[in-house]
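Listed below, chain by chain, are the residues.
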Amino acid sequence: MSRLSARSAGKLLLAFLLLAGTMFGLPLAAAADEPVTEISGIYTIVENGAYKLIGNGTITIAANVTKVTLTQSEPATALTASVSANNSDALELTLSGINIISSSLDVEGLNVAGAEVTLKLAGSNSIVNYNNKPGIRVPAGKSLTITGTNADSLTAIGGNNSAGIGGGPSEDGGTVIITGGNVTAKTSAPYGAGIGGGSGGDGGVTVITGGTVTAFGHQSGAGIGGGSGGDGGKTTITGGTVTASSGISGHGAGIGGGSGGDGGETTITGGIVTAKG
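## Overview of the overall build of the chain
Across its full length, the chain carries 1 helix and 24 strands. Counting every position in the chain, which comprises 277 residues, the buried fraction comes to 48%. Across the chain, the fraction of contacts at a sequence separation of at least 24, relative to all contacts at a separation of at least 6, is 71%. Only carbon and sulfur atoms are counted for the fraction: they give 53% of the accessible area of the chain, which is about 11,500 Å².

## Side note on the nonpolar core
Judged by nonpolar contacts, the single largest core of 45 residues is most densely connected at Ile61, Leu110, Leu119, Ile136, Leu144, Ile146 and Ile165. The element contributing the most residues to this core is strand E2 (residues 49-61), with 4 residues. Every residue in contact with leucine 119, bar those within four places of it in the chain, is listed here: Leu93, Leu95, Leu110, Ile136, Leu144, Thr145, Ile146, Thr147 and Leu154.

## Some thoughts on the pairing of E2
Examined bridge by bridge, strand E1 (residues 36-45) and E2 share 9 bridges and lie parallel to one another. Looking at the pairing, tyrosine 43 lines up with isoleucine 59 of E2. In the sheet, E2 pairs with strand E4 (residues 79-84) via 4 bridges, with the strands oriented parallel. Across the sheet, the residue bridging to isoleucine 59 is valine 83, located in E4.

## Observations concerning the environment of glutamate 34
By secondary structure assignment, the location of glutamate 34 is in the loop between helix H1 (6-24) and E1. Residues glutamate 34 and alanine 50 lie 16 residues apart in sequence; the distance between their C-alpha atoms is 7.6 Å.

## Details of unusual backbone geometry
Non-glycine residue aspartate 106 carries a positive phi angle of around 55 degrees. With respect to the element layout, aspartate 106 can be found in the loop between strand E6 (99-101) and strand E7 (110-111). You will see that serine 170, though not glycine, has its phi angle at about 60 degrees, which is positive. As for its placement among the helices and strands, serine 170 is situated in the loop between strand E13 (165-166) and strand E14 (175-178). The exposure class assigned to serine 170 is exposed, which follows from its relative accessible area of 67%.

## Notes on the confidence of the model for the chain
When pLDDT is low, close inspection of the predicted coordinates is not appropriate. For the chain, the mean per-residue pLDDT works out to 88, and 87% of the residues sit at or above 70. Low confidence marks residues 1-32, where pLDDT is under 50. Its contacts with residues over four positions away, or in another chain, come to 27 contacts.

## Comments concerning the pairing of strand E20 (residues 234-237)
A one-sided burial pattern is seen for E20, the buried positions being Thr235 and Ile237 and the unburied ones Lys234 and Thr236. Of the pairings in the sheet, the one linking strand E17 (residues 205-208) to E20 comprises 4 bridges and is parallel in character. Across the sheet, isoleucine 208 pairs through a bridge with isoleucine 237, a residue of E20. Bridge analysis of E20 against strand E23 (residues 265-268) gives 4 bridges, and the strand direction is parallel. Across the sheet, the residue bridging to threonine 235 is threonine 266, located in E23.

## Observations regarding the pattern of salt bridges
On inspection of all chains with the given rule, the structure shows 4 salt bridges. Across the salt bridge formed by lysine 67 and glutamate 92, the nearest N and O atoms sit 3.9 Å from each other. A residue pair is termed long-range when its members are at least 10 positions apart, and lysine 67 in strand E3 (residues 67-72) and glutamate 92 in strand E5 (residues 90-96) qualify at 25 residues. A residue is classified by how much of its surface remains accessible, and lysine 67, at 48% relative accessible area, is partly exposed. Look at glutamate 92 and you get partly exposed, because its relative accessible area is 24%. A salt bridge links glutamate 171 to arginine 137, with the nearest nitrogen and oxygen atoms 2.8 Å apart. Of this pair, glutamate 171 sits in the loop between E13 and E14 while arginine 137 is found in strand E10 (residues 136-137), placing the two residues 34 residues apart along the sequence. Of the residues examined, glutamate 171 reaches a relative accessible area of 19% and is grouped as buried.

Reading guide: rules and limits
Residues numbered from 1 in each chain as written. Predicted model: local features only at pLDDT ≥ 70, side-chain atom pairs only at ≥ 80, totals over all residues. Heavy atoms only, no water. Helix = DSSP H or I, 4+ residues; strand = E, 2+ residues; numbered from the N terminus. Buried < 20%, exposed > 50% of the residue type's maximum accessible area, 1.4 Å probe, protein only. Contact = heavy atoms within 4.5 Å. Areas by Shrake-Rupley, 256 points an atom, 1.4 Å probe, with all protein chains shown as cover. Core = buried A, V, L, I, M, F, W, Y, C linked by side-chain atoms within 4.5 Å. Pairing = 2+ DSSP bridges. pLDDT = per-residue confidence, 0-100. Salt bridge = Lys/Arg side-chain N within 4 Å of Asp/Glu carboxyl O.

Dropping the structure here:
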């Protein structure tokens with residue numbers, strides 16, 4: 001008989017307590033909460049559940065995992081860490097108080113190169129890379145949906161030649177859908193878009209239906225759209241409050257192509273939109 005993992009045993013215990021509470025009239029609040037696994041270092045998440053980042057680390061979410069909540073023990077202090085979900089075809093990832101910088105690891109802060117990832121925001125979250133990587137990598141052919149309330153926020157900052165959310169150097173952006181929350185995406189160095197392509201990369205598809213979105217390119221990258229030399233891709237805005245700017249020097253579009261790139265396709269049917277190249 002195979003041995004149960006500690007997490008599986010915890011889930012069985014929780015189910016037993018809930019059943020006992022129902023059968024014998026005990027208050028359900030008395031049942032144990034789902035266990036939280038503390039993680040750091042090189043760690044692979046292989047089961048659905050709640051995890052707490054307690055130190056620097058390189059975290060991978062395995063392909064069979066579909067639902068993860070990630071918290072941090074000391075959100076006020078940035079950790080050197082990265083999270084990769086590049087093997088997950090359908091993942092719901094909740095970030096609650098995450099504050100990570102991945103610059104020295106030479107990887108993206110969050111790599112969501114799975115086919116379909118829903119990122120649920122809880123509280124304030126920050127994902128930063130100051131080198132040649134995106135804050136959150138969403139390459140062409142992949143998608144990320146960001147959800148949250150007015151009380152939830154995400155700041156994603158990319159490095160040189162990279163987008164805040166989207167592609168890395170010479171990489172097109174994928175599909176980024178934002179339905180709520182306060183989302184800020186920008187680059188800390190030239191040539192990437194705030195949301196969209198890295199340097200030389202096209203913008204991909206950006207859809208905004210709600211929330212407050214602030215997107216700043218750097219120098220010749222668009223706020224939303226192409227990196228320097230990249231085309232704008234397709235941007236659709238139906239709601240929310242959106243501010244998009246090419247940032248320093250302003251050689252790219254607020255929404256559209258980077259410097260030297262074509263404008264792409266932009267459709268605005270609702271919301272409050274401010275765009276400045």
